[in-house]
Amino acid sequence: MQKEQWDEIMAAAVAESLESMAFMEVFPAGPDAAEPEMPVWDSLLLLEPTQGEFRLAMSRPLLDEIGANIYGFDTEITEQQSADLLAELLNTIVGRFMGGIMPSEAFKLGIPERGRTEWPPIDPDAIRWHFTVEEHSLSIIASGAPMLKLCQSS
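Residues numbered from 1 in each chain as written. Predicted model: local features only at pLDDT ≥ 70, side-chain atom pairs only at ≥ 80, totals over all residues. Heavy atoms only, no water.

Another point: the pattern of salt bridges. Counted according to the given criterion, the structure contains seven salt bridges. For Lys-3, the salt bridge identified is with Asp-7, shortest N-O distance 2.5 Å. Of this pair, Lys-3 and Asp-7 both sit in helix α1 (residues 3–22), four residues apart, roughly one helical turn. We classify Lys-3 as partly exposed; its relative accessible area is 31%. Judged by its relative accessible area of 26%, Asp-7 falls in the partly exposed class. In this structure, the salt-bridge partner of Glu-16 is Arg-96, at a minimum N-O distance of 3.1 Å. Of the two residues, Glu-16 sits in helix α1 while Arg-96 sits in helix α3 (residues 79–101), which places them 80 residues apart along the sequence. (Salt bridge = Lys/Arg side-chain N within 4 Å of Asp/Glu carboxyl O. Helix = DSSP H or I, 4+ residues; strand = E, 2+ residues; numbered from the N terminus. Buried < 20%, exposed > 50% of the residue type's maximum accessible area, 1.4 Å probe, protein only.)

Among the nonpolar cores identified, the biggest contains 39 residues, and Phe-54, Met-58, Phe-97 and Leu-138 are the most heavily contacted of them. With sequence-adjacent residues up to four places away left out, Met-58 is seen in contact with Pro-36, Pro-39, Val-40, Leu-63, Ile-66, Leu-86, Leu-89, Ser-137 and Leu-138. (Core = buried A, V, L, I, M, F, W, Y, C linked by side-chain atoms within 4.5 Å. Contact = heavy atoms within 4.5 Å.)

Attention now moves to the side chain of Ser-17. Counting through the fold element by element, Ser-17 comes out in helix α1. On the accessibility criterion, Ser-17 (0% relative accessible area) is buried. Other than its neighbours up to four places away in sequence, Ser-17 contacts Ala-22, Leu-89, Thr-92, Ile-93 and Arg-96.

As a further point, take the packing of aromatic side chains. If you walk through the whole model with that rule in mind, you get three aromatic pairs. For the pair Trp-6 and Phe-97, a centre-to-centre distance of 5.4 Å together with 80 degrees between the ring planes defines the contact as edge-to-face. Residue Trp-6 is located in helix α1, and its partner Phe-97 is located in helix α3; the two are separated by 91 residues in the primary sequence. Note on accessibility: Trp-6 and Phe-97 belong to one class, buried. The structure contains a cluster of three or more aromatic residues connected by ring pairs, namely Trp-6, Phe-54, Phe-97 and Trp-129. (Phe/Tyr/Trp six-rings, centres within 6.5 Å; stacked < 30°, edge-to-face > 60°.)

Take the environment of Ser-137 next. Looking at where Ser-137 falls in the secondary structure, it is placed in strand β7 (residues 136–143). Each C-alpha atom, one on Ser-137 and one on Ala-33, is 8.4 Å from the other, the two residues being 104 residues apart in sequence. Those residues in contact with Ser-137 that lie beyond four places of it in its chain are Ala-34, Glu-35, Pro-36, Ala-57, Met-58, Ser-59, Leu-62 and Phe-131.

Now the structure itself:
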């Protein structure tokens, strides 16, 4: 599967996830788009049938807007609910993406882990996708040589 196919599958996974969960429209941003400033982010490991890592990063205001759309604008959202929402969003996006690139294979994901530090360095070989949602930026980074080799095969 080629990179262009991965791009299409990831764009669909992000759009479907945010549109169905939070009723928000997603637009792909160019490869030169900036990473979200001071992002909230989660990491999720792909364990089987190959190994890799996905990171989802977005601005805190975007996460707050998603939460308001899901829980209601009059609801005070706890930090735990925000953390759970970010983890669920990452899980959903990665699940849809993996189902798109490996439709006939079972895959196993780890448990999303909350980023507790500044945005960590990104592997130069990683694949990055950038999106605009409600005028905010959202980025997904896929890394890990075993998984990335799938993008170069066939």
